[in-house]
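In case you want the letters, here they are:
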Amino acid sequence: MAVVLTDKAVFIHLPRCGGSYTIEVLKALGLVRLRMPSAPHVPPHFFQYYGEKYRFAFVRHPWDWLKSYYRLKFATSRHPAIWLDKMIDASKSFENWIELIYGDGRKQVVGEYMYPYIGSGADRIEFVGRYENLRDDLMVALTNGRLLVDGVGPNGRHYDDIYNDKCCTQFFRPLSDDLSDFVVAREPELIGEFYASDLSVNVDPAAVLAAHRAARNSASSRIASLVAGVASRRSQ
């Protein structure tokens, strides 16, 4: 769904990237003028007509995006023209769907879905944020686009009074390390650019995989430390 904000900007809604809640926030700030069909129902070249406007969008970690997309589409109707949906109908499980969509050595499944809308290089839209950091990134997007003045929208409401963190709190743990690593290694461009800041865009999948494992192990260590701290305090 593309959302035209006043006469200055366009929000490009990529499905399963927090867009529905983003639109709620934009409406509450008095920014929404017009809503149009969402990607991928609108081809990427459609947004070239808005090249003179400030455009922004959000991406999501490929592993979480695939889990979210599968859960939604498995429970609801699937679009016959979208090949990812067709593969869900042909699959026996989430794991089997992953194997099917990355079959024959295919890479960049999520990247191929998102990059036509956000662009790259000289064709990159003006701002791309992350679902995992939506509260802060949306504020930055709206501030950079001069859509807020000191955090206040055209209708006088403040961003902090509207955004309540109900969105973007669900992140999926892998069913197995091997499966999540399999996905990460096949999305080097998207992960290399947005989720491994120390890596270049054109990275080797093995390097992305190593960075992913290091980040996951670090996160696991922090969680284990927090759990141990809670358990210790409860025993006192």
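A brief report on the enclosed structure follows. Everything numeric in this text was worked out from a predicted model, so none of it was measured.

**Here we look at the overall build of the protein chain**
Looking only at helices and strands, one finds 10 helices and 5 strands in the protein chain. By residue count, 46% of the 236 residues in the protein chain fall in the buried class. If you take every contact in the protein chain between residues at least 6 apart in sequence, the share linking residues at least 24 apart comes to 73%. Total accessible area computed for the protein chain in this model is approximately 12,300 Å², and 51% of it derives from carbon and sulfur atoms.

**Side note on the nonpolar core**
Membership of the largest hydrophobic core comes to 33 residues, with the highest contact counts inside it found for Trp65, Leu66, Leu84, Trp97, Ile98, Met114 and Ile118. Only strand S2 (9-12), strand S4 (54-59), helix H2 (62-75), helix H3 (83-90), helix H4 (94-101), helix H5 (109-118), helix H8 (177-185) and helix H9 (188-194) provide two or more residues apiece to this core. For this core, the element with the most residues is H5, which contributes 7 residues. Not counting residues up to four positions away in its chain, the partners in contact with methionine 114 are Leu14, Cys17, Val59, Arg60, Trp65 and Leu190. Val3, Val25, Leu26 and Ala28 belong to the second-largest nonpolar core, a separate cluster that totals 24 residues.

**Re the environment of asparagine 133**
Take asparagine 133: it is sitting in the loop between strand S5 (127-130) and helix H6 (134-144). Expressed as a C-alpha distance, the spacing of asparagine 133 and phenylalanine 58, which sit 75 residues apart in the sequence, is 9.4 Å. One polar contact links asparagine 133 to aspartate 137, side chain to side chain, over a distance of 2.9 Å.

**A closer look at unusual backbone geometry**
The phi dihedral of arginine 16 falls on the positive side, at around 65 degrees, and the residue is not glycine. With respect to the helices, strands and loops of the structure, arginine 16 is situated in the loop between S2 and helix H1 (19-28). Note on arginine 16: relative accessible area 30%, which makes it partly exposed. The phi dihedral of aspartate 104 falls on the positive side, at around 60 degrees, and the residue is not glycine. Take aspartate 104: it is sitting in the loop between H4 and H5.

Cut-off values and rules
- Residues numbered from 1 in each chain as written.
- Predicted model: local features only at pLDDT ≥ 70, side-chain atom pairs only at ≥ 80, totals over all residues.
- Heavy atoms only, no water.
- Helix = DSSP H or I, 4+ residues; strand = E, 2+ residues; numbered from the N terminus.
- Buried < 20%, exposed > 50% of the residue type's maximum accessible area, 1.4 Å probe, protein only.
- Contact = heavy atoms within 4.5 Å.
- Areas by Shrake-Rupley, 256 points an atom, 1.4 Å probe, with all protein chains shown as cover.
- Core = buried A, V, L, I, M, F, W, Y, C linked by side-chain atoms within 4.5 Å.
- Polar contact = N/O pair within 3.5 Å; in protein donor to acceptor, adjacent residues only side chain to side chain.

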